[in-house]
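Listed below, chain by chain, are the residues.
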Amino acid sequence: MRIQIIGFGVIGQGLARVLLRKEEELRQRYGLEVSVVSITDISGTAHAEEGLDLRKALSVARETGAIVNYPGAKEMSGVEAIEEIEAELVVEATPSNIKTGEPGLSHMLAGFKAGKHVVTSNKGPLALKYRQLVSEAERNGVEFRFEASVGGAMPVINLARETLSGDRITAIEGILNGTTNYILSRMTREELSFEHVLKEAQELGYAETDPTYDIEGIDTASKLVILANAILGIDATFSDVKIRGITRVTPEAIRLAKERGYVIKLIGEVKNSHLEVSPRLVPETHPLNVDGALNVAMLHCDVAGEVTVVGKGAGAIETQSAILSDIIAIWKKVKG
Amino acid sequence: MVIRMRVSLDLELKDEPGQLLLALEPIARHSGNVISIIHLREEERLRAGYATVHFTIDVPDKGCLERIVEELEERGVRVTKLGEVTKKSKLTLLMIGHVVDTDLRDTIDRINELEGVMVSDLSLAMPHPEKESSAIVDIEVSAGVDRHRLMERVYAIAKEKDLEIVRSLEV
């Protein structure tokens, strides 16, 4: 299967590394031979019909920070690469943008139009235009999968839609952002202030220089919208979410909660068509009380009852578990 | 959200076969759900040839209960006792902000104003007079109280007083 990688940052490079590592295994277990025919980043596109040398691509990216320095690469945009280069599948892994959804949105639409399957980790376009994207994919008869857009390595979308396909899922709640969970967990354990732990998290690289997306609940809200659409079938978009972040949580508040047997967690909840992100009191013994940077989601099912999944919510390599599972699922479907 | 109320009622039934069914039919017809039935045979009989049976049922609302009672009486079943069983549940709220300076007393009074709602416990943490303080409160909520309405009131107070509300998960 010929694959195009659009976006060669943490996720795109992680995919290249895992594909190198798993080359033999994918062939043996699934008869799947992946050939990465193009890689695009903001600088341009490297292209080789017989497949790029992923080791070389990784070293070019590491040493120069721009894929245009790969031998023979051109200043070709992502949309151009999708339109002009022959391939079966596009992995869209550009940074998420919750205001416009770009450039991911255009990449995905171009992919569908070109008759290519799309796998993505990019939540912005999905949180803004879920319905449009899904119907465009359908109209063009291609597969569109996005497990990596929610919860990184925590399998929730495919679990709900495939493994739990006999259940009707009525509500979901969970911790969908690792950074805020890390901050709150550390505030709880060490009785430190929010500002202190945030600085620490930034120094460790757990939080972005601009942490707004995480701490204001925007990232959680984007993921919640995707779950509401993909699992509960609710036609919701980002602006439908009532959002409150964790910036006002104090060590004293955490201590008071602890005395009553609660921890404070930033919870995304969709229930009765109502989408909300807010800090909540979670009983210490509750399955949603997971520590550190972990993500967790609890699905309320009409047959199975409650099903809870826990996993690593981010990470260059861990996220590939979701991307690979999507690529393999598409491969199994199309090879017949 | 379907709100049900739990009701206990004592019925006087003729002490002969088939009478229980006579009482059950109206309950079922008006969406009542029987939780328990106890024959009070040991108790003093109000009328010879009759026995008192104690029912606990859940009904969707007061209207249904009224229709059940009406129909029982029409069938000659006397309702000798009727009362709502108050089944209370608890919710916990954490308030962060200038909890004391914005008149904590007033905050509690305004929550208590709602029927079936009562603040039952409160702990306070004040790290420094100028810094934001926190209070955690337990609220007892009677069965049948609309929790959404309660939370709307809480959020309205919080907005007015610039308090951050952290509510427990099940609410």
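The rules behind these values
- Just so you know, the residues in each chain are numbered from 1, in the order the chain's sequence is written.
- Chains and ligands are labelled by the order in which they are written, letters from A for the one and numbers from 1 for the other.
- A pLDDT threshold of at least 70 governs which residues receive local features in this predicted model, and a stricter bar of 80 or more applies before side-chain atom pairs are shown or counted, although totals over entire chains, interfaces and linings include all residues.
- When DSSP finds two or more bridges between a pair of strands, those strands are recorded as paired.
- Numbering of helices and strands starts at the N terminus; helices are DSSP runs of H or I of at least 4 residues and strands are runs of E of at least 2.
- Start and end positions for the domains come from either an automated domain assignment or a database one.
- Note on contacts: residues are paired as contacts if their backbone-placed C-beta atoms lie within 7 Å.
- Each residue is assigned to one of three groups, with Ala, Val, Leu, Ile, Met, Phe, Trp, Tyr, Cys and Pro labelled nonpolar, Asp, Glu, Lys and Arg labelled charged, and all others, Gly among them, labelled polar.
- The axes used here are C-alpha line fits, helices contributing only the stretch in contact, and every angle between their N-to-C directions lies in the interval 0 to 180 degrees.
- Angles below 35 degrees are treated as roughly parallel, those above 145 as roughly antiparallel, those between 65 and 115 as roughly perpendicular, and all remaining angles as oblique.
- For any helix crossing, the convention is left-handed if the near helix is rotated counterclockwise from the far helix by under a right angle, and right-handed if that rotation is clockwise.
- Take the number of residues in a helix, subtract one, and multiply by 1.5 Å to get its expected span.
- In this scheme the burial state of a residue depends on its C-beta neighbours within 10 Å: 20 or more other such atoms mean buried, 12 or fewer mean exposed, and anything in between means partly exposed; the C-beta positions come from the backbone.

J.: Can you walk me through the sheet that holds strand E4 (residues 89–92) of chain A in this structure?
T.: In a beta sheet, neighbouring strands are held together by backbone hydrogen bonds and run either parallel or antiparallel to one another. All names here are of chain A. Read from one edge to the other, the open sheet built from 6 strands follows the order E3-E2-E1-E4-E5-E6, with strand pairing classed as mixed. Only two strands of the sheet have a single partner each, and these edge strands are strand E3 (44–47) and strand E6 (144–145). Where strand E2 (residues 35–41) meets E3, 4 bridges bridge the pair, whose relative direction is antiparallel. Its bridge partner being in E3, Thr40 is matched across the sheet by Thr45.

J.: What am I meant to see in the domain arrangement of chain A here?
T.: Residues and elements named next belong to chain A. What the domain assignment reports for chain A is domain 1 (2–153 + 316–335) and domain 2 (165–312). In this structure, domain 1 and domain 2 have C-alpha centres spaced 28 Å apart. Across the contact, 15 residues belong to domain 1 and 15 residues belong to domain 2. Among the residues making up the side of domain 1 that touches domain 2, the classes are represented as 8 nonpolar, 4 polar and 3 charged.

J.: For this particular structure, what's the right way to read the sheet that holds strand E2 (residues 33–39) of chain B?
T.: All names here are of chain B. Taken in spatial order, the 4 strands line up as E2-E3-E1-E4 in an open sheet, and their pairing is antiparallel. Among the strands making up the open sheet, the edge pair consists of E2 and strand E4 (78–84). Here the strands of the sheet are splayed against their neighbours by 20° on average, with no regard to which way each runs. Pairing of E2 with strand E3 (residues 50–59) involves 6 bridges; the strand directions are antiparallel. Counted as the bridge partner of Ile37 is Phe55 from E3. Across the sheet, helix H1 (residues 19–29) lies against strand E1 (5–14), E2 and E3, angled at about 150° from E1, the strand it touches most. This element, helix H2 (residues 62–74), spans E1, E3 and E4 of the sheet and lies at about 165° to E4.

J.: What is the right way to look at the interface of chain A and chain B in this model?
T.: Interface size is commonly expressed as the accessible surface area that is lost when the partners come together. With 18 residues of chain A at the contact, the number on the chain B side is 14 residues. Looking at the side of chain A that touches chain B, the elements that each hand over two or more residues are helix H11 (251–259), strand E9 (262–271) and strand E10 (274–283) of chain A. No other element matches the 6 residues that H11 of chain A contributes to the side of chain A that touches chain B. Its residues assigned to classes, the side of chain A that touches chain B shows 10 nonpolar, 2 polar and 6 charged. Of the strand pairs in this sheet, E10 of chain A and strand E8 (residues 164–168) of chain B are connected by 2 bridges, and their pairing is parallel. Within E8 of chain B, the residue paired with Arg280 of chain A across the bridge is Arg167 of chain B.

J.: I keep staring at the packing of helix H7 (residues 178–190) of chain A against helix H8 (residues 194–204) of chain A and nothing clicks. Help me out?
T.: Geometry of a packed helix pair, given as the angle between the helix axes and the separation of the axes. Residue and element names in this part refer to chain A. For the pair H7 and H8, interaxial distance at closest approach is 9 Å and the crossing angle is 130°. Put simply, H7 runs oblique to H8. When the axes of H7 and H8 are compared, the crossing they make is right-handed. Residues Thr179, Tyr182, Ile183, Arg186 and Met187 of H7 form the contact with H8, whose participating residues are Phe194, Val197, Leu198 and Ala201. Of the residues belonging to the contact of H7 with H8, the class tally is 7 nonpolar, 1 polar and 1 charged.

J.: Could you clarify how one ought to interpret helix H12 (residues 319–335) of chain A in this entry?
T.: Every α-helix carries 3.6 residues per turn, so stepping three or four residues along brings you back to the same face. Residues and elements named next belong to chain A. Helix length check: H12 (17 residues) gives 25 Å between terminal C-alpha atoms against 24 Å at 1.5 Å per residue, within 8%. Those residues of H12 that sit buried are Thr319, Gln320, Ala322, Ile323, Leu324, Asp326, Ile327, Ile330 and Trp331. Summarising the contacts, the buried residues of H12 are in contact with helix H1 (10–30), E4, strand E5 (117–120) and E6. Note on H12: the residue one or two positions beyond its end, Gly336, has a positive phi of about 85°.

J.: For this particular structure, what's the right way to read the packing of helix H4 (residues 104–113) of chain A against helix H5 (residues 123–139) of chain A?
T.: All names here are of chain A. One can describe the packing of H4 onto H5 by two numbers: an axis separation of 10 Å at closest approach and a directional angle of 10°. Between H4 and H5, the interaxial angle falls into the category roughly parallel. Contacts between H4 and H5 involve Gly104, Leu105, Met108, Leu109 and Phe112 on the former and, on the latter, Gly124, Pro125, Lys129, Leu133, Glu136 and Ala137. Classifying every residue of the contact of H4 with H5 gives 7 nonpolar, 2 polar and 2 charged.

J.: Looking at this structure, how should I read unusual backbone geometry?
T.: Peptide bonds are trans in most cases, and residues, glycine excluded, mostly fall at negative phi. Residues and elements named next belong to chain A. Between Glu102 and Pro103 the backbone carries a cis peptide bond, its omega angle lying at 5°. Along the chain, Pro103 falls in the loop between E4 and H4. Not every positive phi belongs to a glycine, and Glu191 is a case in point at roughly 50°. Within the element layout of this structure, Glu191 appears in the loop between H7 and H8. For Glu191, a count of 12 C-beta atoms within 10 Å puts it in the exposed group. Non-glycine residue Asn272 carries a positive phi angle of around 50°.

J.: I tried to follow helix H4 (residues 147–160) of chain B on my own but got confused; where do I start?
T.: Its 14 residues give H4 of chain B an end-to-end C-alpha distance of 20 Å, which sits within 8% of 20 Å, the value for a rise of 1.5 Å per residue. The first or second residue beyond H4 of chain B is Asp162 of chain B, which carries a positive phi of 50°.

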